[in-house]
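# Structural characterization, general
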Amino acid sequence: MEDPRNRQYTNDEITVFWKPAKCVHATTCFRELIEVFNPGRRPWVDMSAASTQRIIEVTDKCPTDAIVWKYNKDLSENELQASTSTSEEVNPETLSTDPETKPAKVTIMKDGPIVVEGEFKVIDSNGNELKSMIMTSFCRCGGSHSMPYCDGRHRKIGFNDKK
Ligand code: FES
């Protein structure tokens, strides 16, 4: 059964699908394109705030496919009938787990990054603390241009667990 929290957002050319259950708070979408993906706004996705090409670029960087897109001409009948909803939405920022109550968790995504959730620090080989975080995804394919973090490139290069 379809998750009732799922949403979709459309412009003249494409539709972006938002699946909160898949979101691991990599924050790539709003770090790269806050004009379109703004968790502090309702609806949180504004398809008129950037070019279609730019929305595609950023959507393709989502490490877990929590946001994906399709050309409108390729939508199924069901997808066409679903309209952009302005009803109560899940806030991507409040989906995160509480680091005080949950231990850190490491998940190896199929054909994708390593996702770490919980309170942790990223430290370089000299012992310097780079970041203090509660959620991120680390590149496992070797193709990211934002090492050590996943930038979604694993999809472009066809990274596969079997290779
Ligand atoms: S695993 Fe996502 S860019 Fe490498």
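This text follows the structure it describes.
This structure is a prediction, so every number in the text was calculated from the model and none was measured.

The helix and strand tally for the protein stands at 4 helices and 6 strands. Counting from the amino terminus, the protein carries its helices and strands in the arrangement β-β-α-α-β-α-β-β-β-α. Partitioning the intrachain contacts of the protein with sequence separation of at least 6 by distance along the chain shows that 55% fall at a separation of at least 24.

Note that Arg31 resides in helix H1 (residues 28-32). Once the C-alpha coordinates of Arg31 and Val58 are considered, the two residues, 27 residues apart in sequence, prove to be 9.6 Å apart.

With that settled, consider unusual backbone geometry. Residue Arg42 is joined to Pro43 through a cis peptide bond whose omega torsion reads -10 degrees. Along the chain, the position of Pro43 falls in the loop between H1 and helix H2 (52-59). That bond from Met147 to Pro148 is cis: its omega, 5 degrees, falls within 30 degrees of zero. Along the chain, Pro148 turns up in the loop between strand S6 (129-138) and helix H4 (153-156). One non-glycine residue with positive phi stands out, namely Asp65, at about 65 degrees. Among the secondary structure elements, Asp65 is positioned in the loop between H2 and strand S3 (67-71).

Turning our attention to the environment of Met135. Within the secondary structure layout, Met135 lies in strand S6. When the C-alpha atoms of Met135 and Glu117 are compared, they prove to be 4.5 Å apart, with 18 residues separating the residues in sequence.

Spatial strand order, S1-S2-S3: 3 strands in an open sheet with antiparallel pairing. Each edge of the open sheet carries a strand with a single partner, namely strand S1 (7-10) and S3. Direction aside, the axes of adjacent strands within the sheet are offset by 25 degrees on average. The sheet contact formed by S1 and strand S2 (residues 14-18) spans 4 bridges and is antiparallel. Following the sheet pairing, Gln8 is matched in S2 by Phe17.

Turning our attention to the pairing of strand S5 (residues 114-123). For a regular strand, side-chain orientation follows a simple rule: the groups alternate between the two sheet faces. Examined bridge by bridge, strand S4 (residues 105-108) and S5 share 4 bridges and lie antiparallel to one another. Bridge pairing in S5 links Ile108 to Ile114. Here S4 hands over to S5 after 5 residues, with Asp111 in that stretch at a positive phi of 55 degrees.

Conventions used here
- Per-chain numbering applies: the sequence of each chain, read as written, is numbered from 1 onward.
- In keeping with the predicted nature of the model, local features appear solely for residues at pLDDT of at least 70, side-chain atom pairs appear and are counted solely at 80 or more, and the whole-chain, interface and lining totals rest on all residues.
- Helix and strand labels come from DSSP, where a helix needs a run of H or I of at least four residues and a strand needs a run of E of at least two; each type is numbered from the N terminus.
- The contact criterion used is a C-beta to C-beta distance within 7 Å, with each C-beta placed from the backbone.
- Strands qualify as paired when DSSP identifies two bridges or more between them.
- Only the stretch in contact is used when a helix axis is fitted, and all axes are lines through C-alpha atoms; the angle between N-to-C directions ranges over 0 to 180 degrees.

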